[in-house]
Every structure is written in structure tokens, then in C-alpha cells.
Amino acid sequence: MNLLIKNILNFNKIKIILPLFLSIFFFNNCLAKEKFVGFIENLEGKVTKNLNGNLKRLNQFDQIFVNDKISLSQNSILNISFIDNSILTLEENSEFLVKEFDNLSEEKKFIIDILKGKFTFESGSIAKTKNDAMKINLGEIEVILNGTLVTGENSSENRSITLVEDSMGKIGSLKVIIGDQTTTITEPSSGLNISGGEIQSTTLSNEETNQIKK
């Protein structure tokens, strides 16, 4: 009889503890899916994010999370400040999402997918931790940043990436990976342009460089 009572009590404890454990698990899982990475510092025009199949219009100071697919309409511009002090600027008709973000563990990681459009990105602390911590994907093109400012584009006709001297006057480096080909860029205002399957080296004019750094 005592054994039966003991088993019933143990079972009741499991019934109490199990839902609590599952609640904690799902709560943490939800937090992981909605990881806060930054906020909208400034925007002009119409900017939306896809929320469970519905478009939600965004406003200044709204938070940005991992896997938020964000879109800009025509005549729009967007500035996002990330919690590692990176800054992303997007022009009209652009789309992007933060694929991975980890600034707490030893294996820091920051990966952005520029799905389409023109952008400028000044990297923060994560890009300075190790050589492959910061990446920008432009379709099938992977760009690894090592502490720098870049500008680029991803469109059906053209993909480009260019290294620019950052706001502190420092110059980092880029590794551009296209298939099995890797190109390292260390000269300021230098980059690559990929159009029609052809890869060409490019150089920004002084006027173009100064415009980006404003």
C-alpha cells in the first residue's frame, strides 16, 4: 500500500514538473527564434516585415530580430543600428534578413542576407573578433568582412561589393567567395562587380567614396 501511494505521489510530481519543463523549453525556444539584434534608427518611406505571412509596417525605433524579413518600398531608405555597433543602410526596393547573430559566446557570428537592393554596411565589434565571424550573402556570393565599411548591390542583373575606408579612417579587408574562387580585397574604394557571369574589378571615384562616407 505504501509503495502504491509513493508511486502515485511520484507520478503527480512528474505531472507537475513536466508541464513546467516543457513551458521553459518552449519559452526559451521562442526567445531563440525572436532574438533581438538591433533597432531602426531612422527610416523614410514605407518599410515592412513579414510576420507569419502578414506584412507589418515598421516605424522608427522598432526592434529587429533574427529572421525578420524586412522590405523597403519605392522612395524609401532605412538605417538599422545593431547591438554590436554595426550600422546597415538600405535603399529603396531592398530586402534583407539577419540569418545568424551571436555576440555573447566565444564563437561570435553575424550573417546578413541581402536578398535584393543596394546597401551600405559599417561593421561593429563582431567583425573584429576573427576572420570569418561577419558575413554578408548576396545570393550565391559570400562576403567575409574583417572590420570595415562596405557598399554593394544584389539584383537580378548585377551584384557588387566594394571596400571603403570606415568612419574612423580605418581600412579592413574583404574575402569574396564565388563558387571555388576567393578574391581578397584590401585596397580602399576597390571591389568586384558580377554581371552576366563575368567578374570585373571596380574602383569608386573620390566623389562616390565621399558620398558613401557621409
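Residues numbered from 1 in each chain as written. Predicted model: local features only at pLDDT ≥ 70, side-chain atom pairs only at ≥ 80, totals over all residues. Heavy atoms only, no water.

1. Observations regarding the overall build of the protein
Then step 1. For the protein, the helix and strand inventory stands at two helices and 17 strands.
Then step 2. By residue count, 41% of the 214 residues in the protein fall in the buried class.
Then step 3. For the protein, restricting intrachain contacts to residue pairs at least 6 apart in sequence, the fraction spanning at least 24 positions comes to 48%.
Then step 4. Taken as a whole, the protein presents about 12700 Å² of accessible surface, with 52% of it coming from carbon and sulfur. (Helix = DSSP H or I, 4+ residues; strand = E, 2+ residues; numbered from the N terminus. Buried < 20%, exposed > 50% of the residue type's maximum accessible area, 1.4 Å probe, protein only. Contact = heavy atoms within 4.5 Å. Areas by Shrake-Rupley, 256 points an atom, 1.4 Å probe, with all protein chains shown as cover.)

2. Quick word on the nonpolar core
Then step 1. Counting residues in each nonpolar core, the largest one holds 40 residues, and the members touching the most others are Leu78, Phe82, Phe96, Phe119, Phe121 and Ile136.
Then step 2. Sort the elements by how many residues they give to this core and strand E9 (residues 109-122) lands first, with five residues.
Then step 3. Every residue in contact with phenylalanine 119, bar those within four places of it in the chain, is listed here: Leu88, Thr89, Leu90, Ile114, Ile136, Leu138, Val150, Thr151, Gly152, Glu153 and Ile161. (Core = buried A, V, L, I, M, F, W, Y, C linked by side-chain atoms within 4.5 Å.)

3. Regarding the environment of threonine 209
Then step 1. Counting through the fold element by element, threonine 209 comes out in helix H2 (residues 206-213).
Then step 2. What makes threonine 209 buried here is its relative accessible area of 9%.
Then step 3. As a C-alpha pair, threonine 209 and glutamate 165 span 44 residues in sequence and 8.5 Å in three-dimensional space.
Then step 4. With residues near it in sequence (within four places) discarded, threonine 209 still touches Val164, Ser189 and Leu204.

4. A short note on the packing of aromatic side chains
In this description, an aromatic ring pair is defined by two values, namely the gap between the centres and the angle between the planes.
Then step 1. Tallied over the full model, the rule gives four aromatic pairs.
Then step 2. Centre to centre, the rings of phenylalanine 101 and phenylalanine 110 are 4.8 Å apart; their planes meet at 75°, and the pair counts as edge-to-face.
Then step 3. Judged by relative accessible area, which is 5%, phenylalanine 101 ranks as buried.
Then step 4. Residue classification places phenylalanine 110 among the buried residues on the basis of a relative accessible area of 0%.
Then step 5. Among the aromatic residues, ring-to-ring pairing joins Phe82, Phe101, Phe110 and Phe121 into one connected group. (Phe/Tyr/Trp six-rings, centres within 6.5 Å; stacked < 30°, edge-to-face > 60°.)

5. What about unusual backbone geometry?
Then step 1. The backbone phi angle of asparagine 52 is positive, close to 55°, even though this residue is not glycine.
Then step 2. Residue class for asparagine 52 comes out exposed when judged on its relative accessible area of 75%.

6. Topic: the pattern of salt bridges
Side chains that differ in sign of charge can pair as their charged atoms come close.
Then step 1. Summed over all chains, the structure comprises four salt bridges.
Then step 2. Residues lysine 69 and glutamate 95 are paired through a salt bridge, measuring 3.9 Å at the closest nitrogen-oxygen approach. On the criterion of sequence distance, the pair formed by lysine 69 in the loop between strand E4 (63-65) and strand E5 (70-72) and glutamate 95 in strand E8 (residues 95-102) is long-range, its members being 26 residues apart.
Then step 3. Glutamate 142 is paired through a salt bridge with lysine 135; the nearest N and O atoms lie 3.8 Å apart.
Then step 4. Residue glutamate 142 is classed as partly exposed on the basis of its relative accessible area, which comes to 25%. (Salt bridge = Lys/Arg side-chain N within 4 Å of Asp/Glu carboxyl O.)

7. Some points on the side chain of serine 173
Then step 1. Tracing the chain through its elements places serine 173 in strand E14 (residues 173-178).
Then step 2. The class for serine 173 is buried, based on a relative accessible area of 18%.
Then step 3. In this structure, serine 173 is in contact with Ile144, Leu145, Asn146, Thr148, Leu163, Ile185 and Thr186, ignoring residues within four places of it in sequence.

8. Notes on the pairing of strand E3 (residues 54-57)
Then step 1. Where strand E2 (residues 47-51) and E3 come together, four bridges link them in antiparallel fashion. Its bridge partner lying in E3, threonine 48 is registered against arginine 57.
Then step 2. Two successive antiparallel strands, E2 and E3, enclose a turn made up of two residues, where asparagine 52 displays a positive phi of approximately 55°. (Pairing = 2+ DSSP bridges.)

9. Comments concerning the confidence of the model for the protein
Then step 1. Per-residue confidence for the protein gives a mean pLDDT of 86, with 84% of residues at or over 70.
Then step 2. The low-confidence segment residues 1-9, where pLDDT is below 50, has zero contacts with residues more than four positions distant or belonging to other chains.
Then step 3. For residues 13-32, every residue scores under 50 in pLDDT, and the model assigns this stretch one contact once sequence neighbours within four places are set aside. (pLDDT = per-residue confidence, 0-100.)

10. Overview of the environment of phenylalanine 36
Then step 1. Position of phenylalanine 36 relative to the elements: it lies in strand E1 (residues 36-44).
Then step 2. The sequence separation of phenylalanine 36 and isoleucine 83 amounts to 47 residues, and the corresponding C-alpha distance is 8.6 Å.
Then step 3. Not counting residues within four places of it along the chain, the set of residues in contact with phenylalanine 36 comprises Gln63, Ile64, Phe65 and Ile83.

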